[in-house]
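Examination of the molecular architecture
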Amino acid sequence: ITDDLDTLRVTDGSHDFSLGRLWNHGLRWAYDQGATEVAVLSSDVVGHPDSLPSLASCLRGNALTMAGPSDRSRILDGARTVHDRVPGGCFMVAAEHRLFCDEAYRWWYSDDDLEMQARALGPVGVFAGTGLQFSVPDSTLTPERQAWAVEDRARFVEKWGCEPW
């Protein structure tokens, strides 16, 4: 069920759920509006009015495809680990790359896959001092979402040849 308002698009994705599909609605809309940078922020992310311009400055100032907040600044290269990755649900992409989530992922790993796509196009980075903070999400899953997570992890490993994190 979709209801289009002036600048808001509300989508009920409960019947054929894919978190990536829901994020793609927002990404597509932002790209179509001519955005130069697009932030994806989970509902538990907090910041101040300068947080997104700060992250955009890090993204553009370092010619990155994707950037996110961290406790220390660094360009990420080499093996992707839990400590060397852009945080899922709190990142910004350079719009000219028109990155989209792989909608085959239903629950977890859409963000990991998007980061791997970004890394294939150029460097990614994380930066301290953006003012963006996020909590560790509740990872308790319903039995249905547990099954989705197992399928999604296997899909990621098959596609990229490595563990998501």
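Here, every reference points to the structure presented above.
In this report, we go over the structure that sits alongside the text. (Residues numbered from 1 in each chain as written. Predicted model: local features only at pLDDT ≥ 70, side-chain atom pairs only at ≥ 80, totals over all residues. Heavy atoms only, no water.)

1. A short note on the environment of A94
Keep this limit in mind: Working definition: helices are DSSP H or I runs of at least four residues, strands are E runs of at least two. Numbering for both runs from the N terminus. The contact rule is simple, with two residues in contact once any of their heavy atoms fall within 4.5 Å.
Mapped onto the fold, A94 is located in strand β6 (residues 90-94). Each C-alpha atom of the pair A94 and A56 lies 8.6 Å from the other, and the pair is 38 residues apart in sequence. Setting aside residues no more than four positions away along its own chain, A94 makes contact with T36, L59, R60, L64 and T65.

2. Observations regarding helix α1 (residues 19-32)
The following threshold applies: A helix is expected to reach a length of 1.5 Å times the quantity of its residues less one. Buried residues are those whose accessible area, probed at 1.4 Å on protein chains only, stays under 20% of the maximum for their type, while exposed residues exceed 50% and partly exposed ones sit between those limits. The reported arc concerns the directions from the helix axis to the C-beta atoms and nothing else.
The end-to-end C-alpha distance of α1, which contains 14 residues, comes to 20 Å, matching closely the 20 Å that a straight helix rising 1.5 Å per residue would cover. Of all the positions in α1, only G20, W23, N24, L27, A30 and Y31 are classed as buried. The arc enclosing the buried residues of α1, seen along the axis, measures out at 130 degrees, which places them on a common side. Along its buried surface, α1 packs onto β3 (37-41), β6 and α3 (110-121).

3. Here we look at the nonpolar core
Here is the rule: Here the nonpolar core consists of buried residues drawn from Ala, Val, Leu, Ile, Met, Phe, Trp, Tyr and Cys, with membership extended through side-chain atoms lying within 4.5 Å.
Within the largest apolar cluster, 18 residues are counted, with the highest numbers of intra-cluster contacts made by Y31, V38, M66, V86, F91 and V93. Among the elements of the structure, α1, β3, β6, α3 and β7 (124-127) are those that each provide at least two residues to this core. A total of four residues in this core trace back to one element, the largest contributor, which is α1. Among all residues touching Y31, those that are not within four sequence positions of it are V38, V93, A95, R98, L99 and F100. Within the second largest apolar cluster, twelve residues are counted, among which are L59, A67, A94 and F127.

4. A word on the sheet that holds β7
Quick note on the threshold: At least two bridges found by DSSP between two strands is the condition for calling them paired. Note on method: axes are straight lines fitted to C-alpha atoms, helices fitted across the in-contact stretch only, with angles between N-to-C directions ranging 0 to 180 degrees.
Overall, mixed pairing links the five strands, which are arranged β3-β6-β4-β7-β5 in an open sheet. Only two strands of the sheet have a single neighbouring strand rather than two, namely β3 and β5 (74-76). Strand-to-strand twist across the sheet, computed as the mean angle between neighbouring axes with direction ignored, equals 25 degrees. Relative to β6, strand β4 (residues 66-69) runs antiparallel, the two being bridged by two bridges. Residue A67 lies in a different strand from β6, and its bridge partner there is M92. In the packing of helix α2 (residues 51-61) onto the sheet, the strands contacted are β3, β4, β6 and β7, and the crossing angle to β6 comes to about 50 degrees.

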